[in-house]
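Topology and contacts: notes
Residue strings, one per chain:
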Amino acid sequence: MQVPIPPVEYRDVVRREWVDYNGHLRDAFYMLLFSYASDALLDAIGLDDVQRTARHRSVYTLEAHISYLHEVKEGASVRVAVGVLAHDRKRLHVGFEMFAEGRSDPVAAGEQMLLHVDTLGPRAAPFDEDVLERVRTLASARTSLPIPWYVGRVIGLTAKTDS
């Protein structure tokens, strides 16, 4: 039986110390905001701080990709929407879209592969059934949606020959 779970989001405001010499959010802080959004996801699937400690469980980030789409300035309110794109018994493929006040289109997009671990090892471990059920619920909320354009992108330049 699927347990209703509200959409997973993280909200914050761009702080002065996060802004670079161009007046824009530094690239590293996009990742910080996505990381905080990952924490919101963990809370939503039943792996909040108390449960991570009690169960000796956590997640490790295996890979992360970010697309920077629009500049974000100091003081901007941002919202990161998080979705489970795919999963198995030990991993989550997670998608992120960051929105800034006044814009309907994302200012950044990203994806991460997260591995569930037993912290006593540390070693990869299957999700507990209650957690896996919440993961399934979040993943099923995306089944009717198209795969986001940023998923699975590869960075690189096309090689050109001199003519």
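Computed from a prediction, not measured in an experiment: that's the story for all the values here.

**Considering the packing of aromatic side chains**
In this structure the tally under the stated criterion is five aromatic pairs. Ring geometry for tyrosine 30 against tyrosine 68: centres 4.8 Å apart, planes inclined by 85°, an arrangement best described as edge-to-face. On the criterion of sequence distance, the pair formed by tyrosine 30 in helix H1 (residues 27-44) and tyrosine 68 in strand S2 (residues 57-68) is long-range, its members being 38 residues apart. On the basis of relative accessible area, tyrosine 30 is assigned to the buried category, the value being 4%. An angle of 90° between the planes, with centres 5.7 Å apart, marks the rings of tryptophan 149 and tyrosine 150 as edge-to-face.

**Things to note about the nonpolar core**
Residues Leu41, Ile45, Leu92 and Met98 are the most contacted members of the largest nonpolar core, which totals 36 residues. Elements that contribute at least two residues to this core include exactly strand S1 (8-13), H1, strand S3 (77-87), strand S4 (91-100), strand S5 (108-118) and helix H3 (129-140). At seven residues, the largest contribution of residues to this core is made by H1. Once you skip the residues sitting within four places of it in the chain, isoleucine 45 turns out to touch Leu92, Val131, Arg134, Val135 and Leu138.

**Side note on the layout of surface pockets**
Put simply, the largest pocket is a space of about 430 Å³. Forming the boundary of the largest pocket are 23 residues, of which Ala81, Val82, Gly83, Arg142 and Leu145 lie nearest the centre. Elements that contribute at least two residues to the lining of the largest pocket include exactly S1, S3 and S4. By residue number, the principal contributor to the lining of the largest pocket is S3, which donates six residues. Of the residues assigned to the lining of the largest pocket, the class counts are 17 nonpolar, two polar and four charged. Approximately 240 Å³ is the volume found for the second largest pocket. Ala64, His65, Ile66, Ser67, Ala109, Gly110, Glu111, Tyr150, Arg153, Val154, Ile155 and Gly156 together form the lining of the second largest pocket. Among the elements of the structure, S2 and S5 are those that each provide at least two residues to the lining of the second largest pocket. Tallying contributions element by element places S2 first for the lining of the second largest pocket, with four residues. Within the lining of the second largest pocket, the residues separate by chemical class into six nonpolar, four polar and two charged.

About the thresholds
Residues numbered from 1 in each chain as written. Predicted model: local features only at pLDDT ≥ 70, side-chain atom pairs only at ≥ 80, totals over all residues. Heavy atoms only, no water. Phe/Tyr/Trp six-rings, centres within 6.5 Å; stacked < 30°, edge-to-face > 60°. Helix = DSSP H or I, 4+ residues; strand = E, 2+ residues; numbered from the N terminus. Buried < 20%, exposed > 50% of the residue type's maximum accessible area, 1.4 Å probe, protein only. Core = buried A, V, L, I, M, F, W, Y, C linked by side-chain atoms within 4.5 Å. Contact = heavy atoms within 4.5 Å. 1 Å grid on protein atoms, 1.4 Å probe; cavity = no way out; pocket = protein on both sides within 12 Å on 5 of 7 lines; lining within 4 Å. Points joined across faces, edges and corners; volume = space filled by probe spheres on them. Nonpolar A, V, L, I, M, F, W, Y, C, P; charged D, E, K, R; others polar.

Such coordinate-based values are descriptive only and should not be taken to indicate function.
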